[in-house]
Amino acid sequence: MFSSPFFSLVTLAFLTMLLIAKLSSTGAATVGVDYGRDGNNLPSPREVVDLYRSQGIGAMRIYYPDPEVLQALRGSGIELVLGVPNTDLQQLASDIPAAQRWVRTNVLNYYPDVNIKYISVGNEVTPVNPQSRYATFVVPAMTNIFNAVKDAGLFQKVRVSTTLDTTVIDEKTSYPPSAGNFRGDVMWFMNPIIGFLTDTNQPIMFTVYPYYAYIRNPNTIKLPYVLFTKQSPEFIDNGNGLAYYNLFDAMLDGIYSALEKNSGPAMLNGTGFSSLRRGYNVKAVITETGYRFTPGPPRVHGRRKLLASEDACTYYENLVKHVTSVGTPKRPGPIETYLFAMFNEDKKPADERNFGLFGLDKRPRCSINFHGT
């Protein structure tokens, strides 16, 4: 046994680092921001990476492997959700060498200098939305990408999933959240996904937008229920006795209920995936949520009037506080969440514009503490 003061200090420092690492792995969830480049006059990727770091944003999602962005991320420490474009799914599903090349080119060429945490194989592909033509390719493409990542020695270091939207949820029967279930006409699609994610211990990824639910039903859904400002429960779920104060929680718990009700068999031969398992232990990562900044008519909130842009800031600020600490009634605790989006992108469809948290001058539009405190 060494007993020198130097050894004691080194040992103490080492144990302190281990404790910090342990605490960071079990503490507040990651809050990231989605970074798209479908706009004019956007800051350069290097400027954007510097902005993430200066604002304390520890995670980024990109929708395709942009070499300029990946190069700018080298050495930054920023966690990355790397997207596989929907247009690549068919080839990756049918061509194992193509999946291996994709991983070699877009992951191995950058990892670990770029902190790639997840690969999202496709974005918002379901059988019942405009991306439905890609639906049959999702699980085979995920499987081939997963196997390529595993063969590269990155099993569970780089996680593989897909990002879904709430069109897979049966809106007619999914209220309250305890009754949440998937649509009957998507079960052929969802069961293999749940089976794959369960058998390989991967998370499921979802985009969750209380904003769109609100603007479609402004006479039914109350604004405080959307903005996390209700002081009393909106309702008590008779199925489980849980109280719901905000729509984000209700939507996410509806997804969790649907996962728990459905099993997913692995569907591909020769993959090594097996069994029929429940989705109870599948964790959800929210890869998109946001609120549009477009100014609108003043709304009365308490004793003062708010523009829609102020509503957006209220949503983002309260959401970050909520997901970094509270969690949902069904699954308390931090929720890994990505905000949409870094900048306004004027080449996007009209209903996806003006969600930018930062102006083109890189100034923030809201006072968000991305650590939630």
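Worth saying up front: this structure is predicted, and the values here are computed from it rather than measured. (Residues numbered from 1 in each chain as written. Predicted model: local features only at pLDDT ≥ 70, side-chain atom pairs only at ≥ 80, totals over all residues. Heavy atoms only, no water.)

K.L.:
Explain the overall build of the protein here, please?
P.N.:
Looking only at helices and strands, one finds 11 helices and 14 strands in the protein. Looking at the protein as a whole, 52% of its 373 residues are labelled buried. Taking as baseline every contact in the protein between residues at least 6 positions apart, the subset at least 24 positions apart corresponds to 69%. Accessible surface, the protein as shown: approximately 17,300 Å² in total, 53% of it carbon and sulfur. (Helix = DSSP H or I, 4+ residues; strand = E, 2+ residues; numbered from the N terminus. Buried < 20%, exposed > 50% of the residue type's maximum accessible area, 1.4 Å probe, protein only. Contact = heavy atoms within 4.5 Å. Areas by Shrake-Rupley, 256 points an atom, 1.4 Å probe, with all protein chains shown as cover.)

K.L.:
Sorry if this is basic, but what is going on with the packing of aromatic side chains here?
P.N.:
Remark: the centre distance and the inter-plane angle together describe each pair of aromatic rings, the angle taken between the planes. Per the stated rule, a full pass over the model turns up 19 aromatic pairs. Ring centres 5.8 Å apart and planes at 35° place the aromatic pair Tyr291 and Tyr315 in the tilted group. You can see Tyr291 sitting in the loop between β11 (284-289) and β12 (299-301) and its partner Tyr315 sitting in helix α11 (residues 308-326), a full 24 residues away along the chain. Comparing Tyr291 with Tyr315 shows no difference in burial state: the two are buried. Feature note: the residues Tyr209, Tyr211, Tyr212, Phe228, Phe248, Tyr291, Phe293, Tyr315, Tyr316, Phe340 and Phe355 constitute an aromatic cluster, connected by ring pairs. (Phe/Tyr/Trp six-rings, centres within 6.5 Å; stacked < 30°, edge-to-face > 60°.)

K.L.:
I tried to follow helix α6 (residues 138-151) on my own but got confused; where do I start?
P.N.:
Residues lying three or four places apart along an α-helix face the same way, a consequence of the helix completing one turn every 3.6 residues. Here α6 contains 14 residues, and its C-alpha end-to-end distance of 20 Å stays within 8% of the 20 Å for a straight helix at 1.5 Å per residue. With 11 of 14 residues buried, α6 lies mostly within the body of the structure. Burial in α6 covers these residues: Val138, Val139, Pro140, Ala141, Met142, Thr143, Asn144, Ile145, Phe146, Ala148 and Val149. Buried residues along α6 sit in contact with α4 (89-94), α5 (96-108), β4 (115-123), β5 (159-164) and α7 (187-200). At the exit of α6 stands Gly153, carrying a positive phi of roughly 85°. (Expected span 1.5 Å × (residues − 1).)

K.L.:
Hey, could you run me through the state of the cysteines in this one?
P.N.:
In a disulfide, the sulfur atoms of two cysteines are covalently bonded to one another. Within this structure, the stated rule accounts for 1 disulfide. Here Cys313 is linked by a disulfide to Cys366, with a sulfur-sulfur distance of 2.1 Å. The sign of the S-S torsion, about -85°, decides the handedness of the disulfide formed by Cys313 and Cys366: left-handed. In this pair, Cys313 is assigned in helix α11 and Cys366 in the segment after β14 (337-339), connecting sequence segments 53 residues apart. Neither residue differs from the other here; Cys313 and Cys366 are each classed as buried. (Disulfide = S-S within 2.5 Å.)

K.L.:
Hey, could you run me through the nonpolar core in this one?
P.N.:
Side chains that are nonpolar tend, in soluble globular proteins, to be buried together. Among the nonpolar cores identified, the biggest contains 108 residues, and Met60, Ile145, Phe182, Phe248, Tyr291 and Tyr316 are the most heavily contacted of them. Of all the elements, helix α10 (residues 247-261) adds the most residues to this core, at 9 residues. In contact with Phe182, not counting residues within four places along its chain, are Val168, Ile169, Asp170, Met187, Met190, Ile194, Phe206, Ala258, Leu259 and Asn262. (Core = buried A, V, L, I, M, F, W, Y, C linked by side-chain atoms within 4.5 Å.)

K.L.:
Even after reading the chapter, I still don't get the packing of α6 against α7, so can you show me in this structure?
P.N.:
Helix packing geometry: the angle between the two helix axes and the distance between the axes. Packing of α6 against α7 leaves a shortest axis separation of 9 Å and a crossing angle of 20°. As the angle between them shows, α6 and α7 are arranged roughly parallel. For the pair α6 and α7, the crossing hand works out as left-handed. Along its contact with α6, which presents Val138, Val139, Met142, Thr143 and Phe146, the element α7 presents Phe189, Pro192, Ile193, Phe196 and Thr200. Here the contact of α6 with α7 is composed, by residue class, of 8 nonpolar, 2 polar and no charged. (Axes fitted to C-alpha atoms, helices over the stretch in contact; angles between N-to-C directions. Parallel < 35°, antiparallel > 145°, perpendicular 65-115°, else oblique. Left-handed = near helix turned anticlockwise from the far one by under 90°. Nonpolar A, V, L, I, M, F, W, Y, C, P; charged D, E, K, R; others polar.)

K.L.:
Could you clarify how one ought to interpret the environment of Gly180 in this entry?
P.N.:
Here Gly180 lies in the loop between β5 and α7. Note: C-alpha distance between Gly180 and Leu259 (79 residues apart in sequence) is 8.6 Å. Leaving out residues up to four positions away in the same chain, Gly180 has contacts with Ser174, Gly254, Ser257, Ala258 and Lys261.

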